[in-house]
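# An overview of the molecular structure
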Amino acid sequence: MAFAQQLPEQKYEYLDHTADVQLHSWGDNLTEAFEQVAMAMFGYMTTDYDSVEMTDEMEVEAEGEDMMSLLFHFLDEWLFVFSADPFFIPRKVEITEFDNVNFKIKSKGYGETFDIQKHPQGTEVKAITYSNMQIYDNDEMHEVFVIIDI
């Protein structure tokens, strides 16, 4: 069953970094910036992200001790979902609950099982890192920078 989900506007880019890649995302609020950075990570993992159909749904929860660890664990949990069997790749990630006081996130991903015949493999993401991680959340900007180990 296909989910009637409209894809959000792409609000992320890839920045060069020595031996790794830096994901940069932004949004109208911090929630959207977090959603966008997750989609940026998956977009890097396949060379044709548009081929991912939203036929299934997966839920992911994450928590941390502060905003940086929350971001780290949020992305790490989604990376685990991709690495577990079956290999699920979301085309859209939507945060359903964002508790920035107790540092907890509940999210849903809409996508399908990764199929190498359908989804050309991009670059393998080995891990999320804290290296140069940045979160900006104020009246003027809502941005996230994360370096992923490839």
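Note that the coordinates shown come from a computational prediction; the quantities given were computed from them, not determined experimentally.

Applying the stated criterion across every chain, the model contains 8 salt bridges. Where arginine 91 meets aspartate 50, a salt bridge forms, and the shortest distance between an N and an O atom there is 2.7 Å. A residue pair is termed long-range when its members are at least 10 positions apart, and arginine 91 in strand S4 (residues 88–99) and aspartate 50 in the loop between helix H1 (30–45) and strand S3 (56–63) qualify at 41 residues. By relative accessible area, which is 12% here, arginine 91 ends up buried.

The next thing to look at is the sheet that holds S4. The 3 strands lie next to each other as S3-S5-S4, forming an open sheet whose pairing is antiparallel. Looking at strand neighbours, the two that pair on one side only are S3 and S4, the edges of this open sheet. Sheet twist, expressed as the average angle between the axes of neighbouring strands with direction ignored, equals 25 degrees. Summarising the sheet, S4 and strand S5 (residues 104–113) pair through 10 bridges and their orientation is antiparallel. Across the sheet, residue isoleucine 89 finds its bridge partner in S5, namely glutamate 112.

Here helix H2 (residues 67–83) spans 24 Å end to end across 17 residues, near enough to the 24 Å set by a 1.5 Å rise per residue. What H2 keeps buried is the set Met67, Ser69, Leu70, Leu71, Phe72, Phe74, Leu75, Trp78, Leu79, Val81 and Phe82. Between the side-chain oxygen at the start of H2 and the backbone nitrogen of methionine 68 there is a gap of 3.3 Å, and the oxygen is on aspartate 66.

Turning to its location among the elements, alanine 19 is positioned in the loop between strand S1 (12–17) and strand S2 (20–26). On the accessibility criterion, alanine 19 (64% relative accessible area) is exposed. Counting along the chain gives 130 residues from alanine 19 to aspartate 149, while the straight-line C-alpha distance between them is 8.0 Å.

Turning our eyes to something else, we now look at the packing of aromatic side chains. One pair of aromatic rings is described through two measures. These are the centre distance and the angle between the planes. Across all of its chains, the model carries 9 aromatic pairs by this definition. Both rings, one in phenylalanine 34 and one in phenylalanine 74, keep their centres 6.1 Å apart while their planes meet at 35 degrees; by these two values the pair is tilted. Here phenylalanine 74 lies in helix H2 and phenylalanine 34 lies in helix H1, a separation of 40 residues in the sequence. With respect to burial, phenylalanine 34 and phenylalanine 74 carry one shared label: buried. Aromatic pair phenylalanine 42 and tryptophan 78: ring centres 6.3 Å apart, planes at 90 degrees, arrangement edge-to-face. Residue phenylalanine 42 is located in helix H1, and its partner tryptophan 78 is located in helix H2; the two are separated by 36 residues in the primary sequence. You can call phenylalanine 42 buried: its relative accessible area is 0%. On the basis of relative accessible area, tryptophan 78 is assigned to the buried category, the value being 0%. Each residue in the set Phe42, Trp78, Phe82 and Phe114 is aromatic and connected to the rest through ring pairs, giving one cluster.

Cut-off values and rules
Residues numbered from 1 in each chain as written. Predicted model: local features only at pLDDT ≥ 70, side-chain atom pairs only at ≥ 80, totals over all residues. Heavy atoms only, no water. Salt bridge = Lys/Arg side-chain N within 4 Å of Asp/Glu carboxyl O. Helix = DSSP H or I, 4+ residues; strand = E, 2+ residues; numbered from the N terminus. Buried < 20%, exposed > 50% of the residue type's maximum accessible area, 1.4 Å probe, protein only. Pairing = 2+ DSSP bridges. Axes fitted to C-alpha atoms, helices over the stretch in contact; angles between N-to-C directions. Expected span 1.5 Å × (residues − 1). Polar contact = N/O pair within 3.5 Å; in protein donor to acceptor, adjacent residues only side chain to side chain. Phe/Tyr/Trp six-rings, centres within 6.5 Å; stacked < 30°, edge-to-face > 60°.

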